[in-house]
Every structure is written in structure tokens, then in C-alpha cells.
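Each chain, letter by letter, is given below.
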Amino acid sequence: MMEIEQLSKLIQENGIVGAGGAGFPSYAKLNAKTETLILNCAECEPLLKLHRQLLEKYAAEIADTFYKIGRTVGAKEMVIGIKKSYKKTIEALHAVLDAYPNMRLGLLDEVYPAGDEVVLIYEVTKKVVKPGGLPIDCGVAVFNVETVYNVYRAVEKNIPVIDKLVSVVGEVEHPVTVRVPIGTSIEETVRLAGNNTHDDPVYFIGGPMMGQIGSGLQPVTKTTNAVLVLPQDHLIVRKKQRKASIDLKRAAASCCQCTMCTDLCPRNRLGHPIEPHLFMRAATCKDVQEPNIFINTMFCSSCGLCEMYSCMQGLSPRSLIADYKAGLRANGIKPPKAEPKPVGTERDYRKVPMARLMARLDLAKYNKKAPLADEAITVSKVKILLSQHIGAPAAAVVHAGEQVQKGQMIAQPAQGLSVGIHASISGTVSAVTDQYIVIEKEHEKQKGCAENE
Ligand code: SF4
Ligand code: SF4
């Protein structure tokens, strides 16, 4: 059994971060105070398929690694949080679980946002993480499926994080879940799903609820879970393109204080003091008599339910709250410590079913199989960002013109919270800046020179 320090060093050097979300460096989650370790297979966002498929295929490897991490941190129990509807994955897990004492399944409803850490922790342990607190404050640590698979590859096969699974869904001929080298362009990734089925597509990076409109030229990072290809006039695209100044005017004109945004807010339902309807009233009336209404925006998880589902007026509490939150952070304000209220019995009736969410967002037609193609594809050029995680960007240790081998460390962890970055293909470094490193395969470079002569 490894010691925490040993595993922590290995995880940091192999560049492992949360494979999705904000990319929190995984070594920093290893803590001897962990009582319960949770494997997150809730696949929070609509349309995503990668975690259930990866866990089905590598149930033995992932369960074993998850167990070893649990033993290393001294966890009393290990829980695999998984939706009841992932029947094939559950079957695969049942075939291996007997070998691991203190490991159980935590079955989840098909609701949104089941994969939000705070929601997941409550669902499988009935513990509420305090507003502004961390899971470890209540003795819990959460890792997602691909993150644990990456730990397996690092520990057992000596492979650092050099590729990423990405679900490509939406307006494409053949939705698919592909493994691509980190730094592959979004355009090249989307091509693996066949032709676009729409003339003027928009690439939505991440899930439809929390993702962002991106460009075909931007690179896949360690946290890119999905590319959703949508038509320009799709509801979700139009919502993302709205301007905050207009949103505020629309809210001032038509927020009727119905409280639906607060009633269905997953964090409010767990007793956290975030009340979007009060924020909408205070922000639109510029009423600062109760400053906590603004400060409490820091307890919003940006899940998007209030503006994508709850508000019948089509208003945008999440986006307006996000602007305020960013302003508070920019001014160095940290979330205050707060105690949650008790969880009410009405919570169970205020969960949002995934099927209704998809129907409301006009996504049901895109909910198709996206089979897993697990062999990493070959690409000739990658642009690898030095900041793909929360914390300090990695520091480049290669220079332009240098030959690098796939898996070689090309940027080392910086001081503080940081992880290493590795070459995802073998080739020649053609550019190094303070933001990224470009690697090109040698024969592609030569071909380019010959064409230019
Ligand atoms: S749901 Fe919409 S209309 Fe109702 S209080 Fe919230 S923002 Fe206002
Ligand atoms: S985005 Fe809206 S629903 Fe989600 S946590 Fe924030 S206020 Fe609540």
C-alpha cells in the first residue's frame, strides 16, 4: 500500500487533475481526514456518455484503483455514486465489487445536477457540505471516473495524462466518444463524428448546462468532456449570447418574484443561503440595504437550473449572479462561513428530472448513443495549454526546436497548487509561449517546408 505522500507525488508528476469541471489538481484531494471516498459516475450534464462507458469497460481496473486510493487515505467506506439507469455499468460493477470490503454503490435518480459534488455527497452520505466549505470538512473526497482511470494508468502503466475522452454529440452524423491527444483542435475532434448535419454549426464546449461557446481552433484540455454541435439559432446558443446589460433590463421589467428559481435551486434545497429571486429583486432595484443577498451569490454553483429550466419568464439569474460573483472575487472577497439550514422534506419533490430538462431545452433529439472509441487517434499537431487546472500554470521546460517524445514532461509543476504537463505526441516543439506549447510531427513539418519551397 502506498503512503499518501508517495501517491500524491505520483499524481502530481503525472499531471492528474479532475477530468472535467474546473480541473482541481487531484493530489491536493488526498487527505488523511477522509472518512468516505466517493467515485462520481453521475455524469451530471445532459447528453454526456463517457463516464458510464469507461466504467463499464474498465470496472475491475477502476474499482481496484479506487479501493487503493481509499486505503491510502484511510477511508472507512468507498461509495460509487452512479445513476440507477446505467444498468450495464452497474452489472459490470456487481461482477467485481465482492472483492472489496467497505465499497458499495450509491444509486442515484436520473435528475440534474446529480453530479454536483455537494448534491452527490448529500445523496450518498446524507451529509451537507457547509456553504463556502470543502467536502473534506465533512470527511469526504470525490473523484470522477476518468480521474481514477488516469490514476490507474499512472500507477500501473506509468502513463501520464496525455489524452482525453470527449463525447461529440448534437448535429453530427455519428455521435461518438473519442480519445484524443491533449491539444488536438476541437475541429479535428468533431470530424471524428462524421459530417456536421447543420450548415452553420456552433461548438458548445462542455455540457449544455455549464458549457461555453468555443471555437473550432481551440485545443482539447484535460477537462474537455464534450463538444455539443448545435445550430446557431438553438435556444441554448441564444441564451449564451445574451448581454448582461439587456438581461438586467429584462429582469427589471418582468421578474414577477414567483420564487421558482429559488424553490428549485439545488444548493438552496440543501439549506445554503443562496436565494436567486431575492438577488433578482435587489439587483434590478439597486437595493443594497441587505448586502448579504449579494455576498451570498458566492454560494451559487452556476448549475444553471434557474435560467435554463426554472424561470418561466426566460430570465437569467445564473448569468447575472455570475457577474456579481466575479466582481466580488476580483475585489478579494472570499465566501463567508455560513451554517446550512436543515434540509426540508420538500427537497425530494423539487428534483428536476433529466428527461424533462432535455425536453425543455430541445435536446431530447440529440440524446443518442455515443459509443466509446478508446484508442487514442493520431494527430500531426497539438497546442498544449500550460494552464489546464485550478492553481498556478505549469512552467515550460522545453524550447522551440527541441525533439520530444510522447509522455515526456514538457512543463513542470510550478510553486503552490500545480501539476506537470506532458507531450501528447512525439515530434518537434515549434512554439513555446507563457500560455502554450505547440508540438508538430517531424514529417508534417518537412511536408510543410517542401510545399513552401
Ligand atoms: S423564476 Fe424568474 S420570474 Fe420567478 S423570481 Fe426567479 S427570476 Fe423572477
Ligand atoms: S445557478 Fe441558479 S439554480 Fe444553480 S445554484 Fe446558482 S442560483 Fe441556484
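Along each chain, residue indices are assigned from 1 in the same order as the chain's sequence is written. For this description, chains carry letters from A and ligands carry numbers from 1, given in the order in which they are written. Local features are withheld for residues below a pLDDT of 70 in this predicted model, meaning they are given only at 70 or higher, and side-chain atom pairs are given and counted only at 80 or more; totals for whole chains, interfaces and linings count all residues. Here the side-chain values reflect all heavy atoms present in the structure, with hydrogen atoms and water set aside.

Runs of H or I in DSSP of at least four residues are treated as helices and runs of E of at least two as strands, each being numbered from the N terminus. Scanning the chain from terminus to terminus reveals 17 helices and 19 strands. In terms of overall dimensions, the chain has a C-alpha envelope of 65 × 55 × 45 Å along the principal axes. Think of it in three bands: residues with accessible area under 20% of the maximum for their type are buried, residues over 50% are exposed, and the middle band is partly exposed, with areas taken using a 1.4 Å probe on protein chains only. Within the chain, the proportion of its 453 residues that are buried is 53%. Throughout, a residue-residue contact means that at least one pair of heavy atoms, one from each residue, lies within 4.5 Å. Within the chain, contacts between residues separated by at least 24 positions form 72% of all contacts whose residues are at least 6 apart in sequence. Every accessible area reported is derived by Shrake-Rupley at a probe size of 1.4 Å, with residue values counting cover from the shown protein chains alone. As displayed, the chain offers around 20,000 Å² of accessible surface, 51% of which is attributable to carbon and sulfur atoms. Charge convention: Lys and Arg are scored as positive, Asp and Glu as negative, and His as well as the terminal groups of each chain are ignored. For the purpose of locating charges, the reference atoms are NZ of Lys, CZ of Arg, CG of Asp and CD of Glu. Considering the chain, the positive charge centre built from 54 side chains and the negative charge centre built from 48 side chains are found 5 Å apart.

Take the pairing of strand β6 (residues 163–170) next. Counting buried residues in β6 gives 8 out of 8 residues, a clear majority hidden from the surface. Burial of the side chains of β6 extends over both faces: Asp163, Leu165, Ser167 and Val169 are buried on one face and Lys164, Val166, Val168 and Gly170 on the other. Two strands form a pair only when DSSP identifies at least two bridges running between them. As defined by bridge partners, β6 adjoins strand β7 (residues 176–181) across 6 bridges and the pair is classed as antiparallel. Across the sheet, Val166 pairs through a bridge with Val178, a residue of β7. Connecting β6 to the antiparallel partner β7 that follows it, the hairpin turn spans 5 residues. Direction of pairing for β6 relative to strand β10 (residues 226–231): parallel, over a ladder of 4 bridges.

Proximity is defined per residue: if any heavy atom of the residue lies within 4 Å of a molecule or strand, that residue is considered near it. Not every one of the 14 residues close to ligand 2 is listed here, only the nearest: Cys265, Cys300, Cys303, Gly304 and Cys306. Residue assignment for the shell around ligand 2 shows that the elements contributing at least two residues are α11 (266–269), α14 (305–310) and α15 (317–330).

Next up on the list: the sheet that holds strand β18 (residues 427–432). With antiparallel pairing, 4 strands are arranged side by side in an open sheet as β13-β19-β18-β15. What marks the edges here is a single partner per strand, and that holds for β13 (381–385) and β15 (403–404). For β13 and strand β19 (residues 436–440), the ladder comprises 5 bridges, and the chain directions are antiparallel. Note that in β19 the partner of Lys381 across the bridge is Glu440.

Our next topic: the UniProt feature "domain: NADH-ubiquinone oxidoreductase 51kDa subunit FMN-binding" (unreviewed entry) in the chain. UniProt marks residues 11–153 with the feature "domain: NADH-ubiquinone oxidoreductase 51kDa subunit FMN-binding" (unreviewed entry), using the numbering shown here. Between the end C-alpha atoms of residues 11–153 the distance is 10 Å, and the span holds 38% helix and 18% strand. UniProt positions are given in the numbering used here, feature names are shortened, and annotations may be inferred rather than shown by experiment.

Each domain's extent is set by a domain assignment, obtained either automatically or from a database. Domain annotation for the chain reports domain 1 (4–157), domain 2 (163–234 + 364–373), domain 3 (241–361) and domain 4 (381–440). For domain 1 and domain 2, the distance between their C-alpha centres works out to 24 Å. Taken together, the contact pairs 21 residues of domain 1 with 23 residues of domain 2. Here's the idea: put two parts together, see how much 1.4 Å probe accessible area each one loses, and the total over both is what we call buried area. For the pairing of domain 1 and domain 2, the buried interface totals around 1,800 Å² over both sides, and the portion due to carbon and sulfur atoms is 59%. Take a side-chain nitrogen of Lys or Arg and a carboxyl oxygen of Asp or Glu: if they are within 4 Å of each other, that pair is a salt bridge. Where domain 1 meets domain 2, there are 2 salt bridges. Its salt-bridge partner being Glu146, residue Lys164 comes within 2.4 Å of it at the nearest N-O pair. Whenever two N or O atoms come within 3.5 Å, that pair is a polar contact, provided that in protein one can donate a hydrogen and the other can accept it, and provided that, for residues adjacent in sequence, both atoms are side-chain atoms. Linking domain 1 with domain 2 are 10 residue pairs in polar contact (both at pLDDT 80 or more).

Before going further, it helps to examine the nonpolar core. Here, nonpolar core means buried Ala, Val, Leu, Ile, Met, Phe, Trp, Tyr and Cys residues that are tied together by side-chain atoms lying within 4.5 Å of each other. Ranked by internal contacts, the top residues of the largest apolar core, which has 63 residues, are Leu55, Ile62, Ile80, Ile82, Met103, Ile410 and Ile439. Apart from the residues lying within four places of it in its own chain, the contact partners of Ile62 are Leu39, Leu54, Leu55, Val145, Val148 and Tyr149.

Per-residue confidence for the chain averages 94 on the pLDDT scale, and 98% of its residues sit at or above 70. pLDDT is defined as a per-residue confidence score from the predictor, taking values between 0 and 100. Below a pLDDT of 50 lies the segment residues 448–453, which in the model reaches 0 contacts outside its immediate sequence neighbourhood of four places, other chains included.

To continue, consider the site of ligand 1. Around ligand 1 sit Cys255, Cys256, Gln257, Cys258, Thr259, Met260, Cys261, His277, Met280, Cys311, Gln313 and Pro317, and those are all the residues in its vicinity. Among the elements of the structure, α10 (260–263) and α12 (276–285) are those that each provide at least two residues to the shell around ligand 1.

This part is about the sheet that holds strand β1 (residues 36–41). Taking strand neighbours across the sheet as the criterion, the 4 strands line up as β3-β2-β1-β5 in an open arrangement whose pairing is parallel. Both outer strands of the open sheet, β3 (103–108) and β5 (140–144), are each paired with one neighbouring strand and no more. Direction aside, the axes of adjacent strands within the sheet are offset by 25° on average. When β1 meets strand β2 (residues 77–83), the two strands line up parallel, connected through 6 bridges. Paired with Leu37 across the two strands is Met78, which belongs to β2. Fitted lines through C-alpha atoms give the axes, limited to the stretch in contact for helices. The angle between two N-to-C directions lies from 0 to 180 degrees.

Quick look at the environment of Glu123 now. Its location among the elements puts Glu123 in helix α5 (residues 117–125). Exposure remark for Glu123: the relative accessible area of 23% places this residue in the partly exposed category. The sequence separation of Glu123 and Gly81 amounts to 42 residues, and the corresponding C-alpha distance is 8.5 Å. When residues no more than four places from it in sequence are discounted, the contact partners of Glu123 are Leu108, Arg347 and Lys351.

To continue, consider the UniProt feature "domain: RnfC Barrel sandwich hybrid" (unreviewed entry) in the chain. The UniProt record marks residues 378–441 with the feature "domain: RnfC Barrel sandwich hybrid" (unreviewed entry), using the residue numbering of this structure. Its end C-alpha atoms 10 Å apart, residues 378–441 is made of 0% helix and 41% strand.

Further remarks concern the pattern of salt bridges. Charged atoms that come close allow side chains of opposite charge to pair. Counted according to the given criterion, the structure contains 24 salt bridges. For Glu117, the salt bridge identified is with Lys29, shortest N-O distance 3.1 Å. Taken together, the positions of Glu117 in helix α5 and Lys29 in the loop between α1 (4–13) and β1 put the pair 88 residues apart, joining distant regions of the chain. Overall, Glu117 belongs to the partly exposed group, its relative accessible area being 26%. Since its relative accessible area comes to 22%, Lys29 is described here as partly exposed. Among the salt bridges present, the one from Lys127 reaches Glu35, with a minimum N-O distance of 3.4 Å. Taken together, the positions of Lys127 in the loop between α5 and β5 and Glu35 in the loop between α1 and β1 put the pair 92 residues apart, joining distant regions of the chain. The structure contains a network of salt bridges with shared partners spanning Lys84, Asp109, Glu123, Arg347, Asp348 and Lys351.

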